[in-house]
Amino acid sequence: MIELYHCQDARSFRCLWALEELAVPYTLHVMAFPPRATTPDYLSKNPTGTVPLLMDGEVRVAESAAALEYLATKYGAATLGVSPDDDDYGDWLTWTHYGEATLTAPLAIALRYGAFASEAKRLPDVVEDLCGLFLDRLGVVEARLAEQDFLSAGRFTTADISVAYALLLSRFLGIEQRLPPATGACWQRLQERPAYSAARKAQKAHAPAA
Ligand SMILES: N[C@@H](CCC(=O)N[C@@H](CS)C(=O)NCC(=O)O)C(=O)O
């Protein structure tokens, strides 16, 4: 049975959403954030203390885009994934990783210095600069979504899940209203997917007691 270690709305949400899309059985462990402080035992499973950690028998994947790629390749070759034989394979990989490495990375730092840091350590100019960088980097997403409904392969894949997570984070920075139109419209459509709602319900249902 697959096990997913998760914190509410953290990058592990990508994996939770993918698991719901794939309808494979899984056990969900939701920890309060940050697990290094709230769940010290977790460090023995993942010494970086970060989520996600996806375990599938002996297999352990601790990067969210890698976990998407793993799940798609292993359980969703014809649904969330794209086969190496397919012309869209490189494109699909690019977007699946773009969502984390290029889009989410600046937003995560912006959240750190905008929302999580103590008042004295907040850096509003840096936060605005990082948000601007994120919005610039969304330009290629907007160009693609102005032409087609999904980012890659002409259908819903992990590429959409990966990028959509960055769009979710934009909400927590108060810049969701600044998403360009085709991207914003796609984000609305993605939130209507039953698996997205199921993932949101699952993280709530398994939330640790406050
Ligand atoms: N690139 C990694 C980043 C993982 C990461 O930093 N996760 C955050 C939550 S979104 C975390 O667990 N932070 C807790 C900490 O750093 O202690 C991935 O995509 O999985």
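Relevant structure appears above.
Residues numbered from 1 in each chain as written. Predicted model: local features only at pLDDT ≥ 70, side-chain atom pairs only at ≥ 80, totals over all residues. Heavy atoms only, no water.

*Asks:* Quick rundown of the overall build of the protein? Include the residues and the values.
*Replies:* Counting its secondary structure elements, the protein contains ten helices and four strands. In sequence order, the secondary structure elements of the protein are arranged as β-α-β-α-α-β-β-α-α-α-α-α-α-α. Relative to the globule expectation of 17 Å for 210 residues, the C-alpha radius of gyration of the protein, 17 Å, shows essentially globular dimensions. When burial is assessed residue by residue, the protein has 46% of its 210 residues classed as buried. If you take every contact in the protein between residues at least 6 apart in sequence, the share linking residues at least 24 apart comes to 67%. (Helix = DSSP H or I, 4+ residues; strand = E, 2+ residues; numbered from the N terminus. Rg over C-alpha atoms; globule rule 2.2 N^0.38 Å. Buried < 20%, exposed > 50% of the residue type's maximum accessible area, 1.4 Å probe, protein only. Contact = heavy atoms within 4.5 Å.)

*Asks:* Explain the site of the ligand residue by residue, including any values.
*Replies:* Around the ligand sit A10, R11, F33, R36, T50, V51, P52, E63, S64 and E100, and those are all the residues in its vicinity. In this structure, R11 approaches the ligand through a side-chain N or O atom, which is 3.3 Å from an oxygen atom. The protein chains hide 80% of the 510 Å² of surface that the ligand would expose on its own. Residue classes in the shell around the ligand are distributed as four nonpolar, two polar and four charged. (Near = heavy atom within 4 Å. Polar contact = N/O pair within 3.5 Å; in protein donor to acceptor, adjacent residues only side chain to side chain. Areas by Shrake-Rupley, 256 points an atom, 1.4 Å probe, with all protein chains shown as cover. Nonpolar A, V, L, I, M, F, W, Y, C, P; charged D, E, K, R; others polar.)

*Asks:* Describe the nonpolar core, and please don't skip the residues or the numbers.
*Replies:* Core analysis: the largest hydrophobic core is formed by 59 residues, its most contacted members being W17, L54, F134 and V141. The dominant element in this core, judged by the number of residues it contributes, is helix α8 (residues 158-172), at nine residues. Beyond its immediate stretch of four places on either side in the chain, L54 contacts I2, E3, L4, L19, V59, R60, V61, A67, Y70 and L71. The next biggest cluster of nonpolar side chains, apart from the first, holds seven residues, and it includes C7, A10, V51 and L53. (Core = buried A, V, L, I, M, F, W, Y, C linked by side-chain atoms within 4.5 Å.)

*Asks:* Account for the packing of aromatic side chains, with residues named and values stated.
*Replies:* Each aromatic ring pair is characterised by the separation of its centres together with the angle its planes make. Under the definition given, this model contains ten aromatic pairs. Relative to Y196, the ring of F13 has its centre 5.6 Å away and its plane inclined at 80 degrees; by these criteria the two rings are edge-to-face. Of this pair, F13 sits in helix α1 (residues 13-22) while Y196 sits in helix α10 (residues 194-205), and the two are 183 residues apart along the sequence. The pair F13 / Y196 is uniform in exposure class, with both members buried. Relative to Y98, the ring of W95 has its centre 5.4 Å away and its plane inclined at 70 degrees; by these criteria the two rings are edge-to-face. Here Y98 and W95 lie together in helix α5 (residues 89-116), a separation of three residues that amounts to about one turn. (Phe/Tyr/Trp six-rings, centres within 6.5 Å; stacked < 30°, edge-to-face > 60°.)

*Asks:* Describe the side chain of Q191, and please don't skip the residues or the numbers.
*Replies:* With respect to the helices and strands, Q191 occurs in helix α9 (residues 181-191). Here Q191 is in contact with R171, Y196 and S197, once residues within four sequence places are set aside.

*Asks:* If you had to explain the packing of α5 against α8 to someone new, which residues and values would you point to?
*Replies:* Two elements in contact, α5 and α8, have axes separated by 7 Å at closest approach and are oriented at 15 degrees. Here α5 is positioned roughly parallel relative to α8, judged by the angle of their axes. The handedness of the crossing between α5 and α8 is left-handed. When α5 is examined against α8, the residues W92, W95, T96, G99, E100, L103, T104, L107 and L111 are found in contact with a partner set consisting of T158, A159, S162, V163, Y165, A166, L169, S170 and F172. The residue inventory of the contact of α5 with α8, partitioned by class, reads eleven nonpolar, six polar and one charged. (Axes fitted to C-alpha atoms, helices over the stretch in contact; angles between N-to-C directions. Parallel < 35°, antiparallel > 145°, perpendicular 65-115°, else oblique. Left-handed = near helix turned anticlockwise from the far one by under 90°.)

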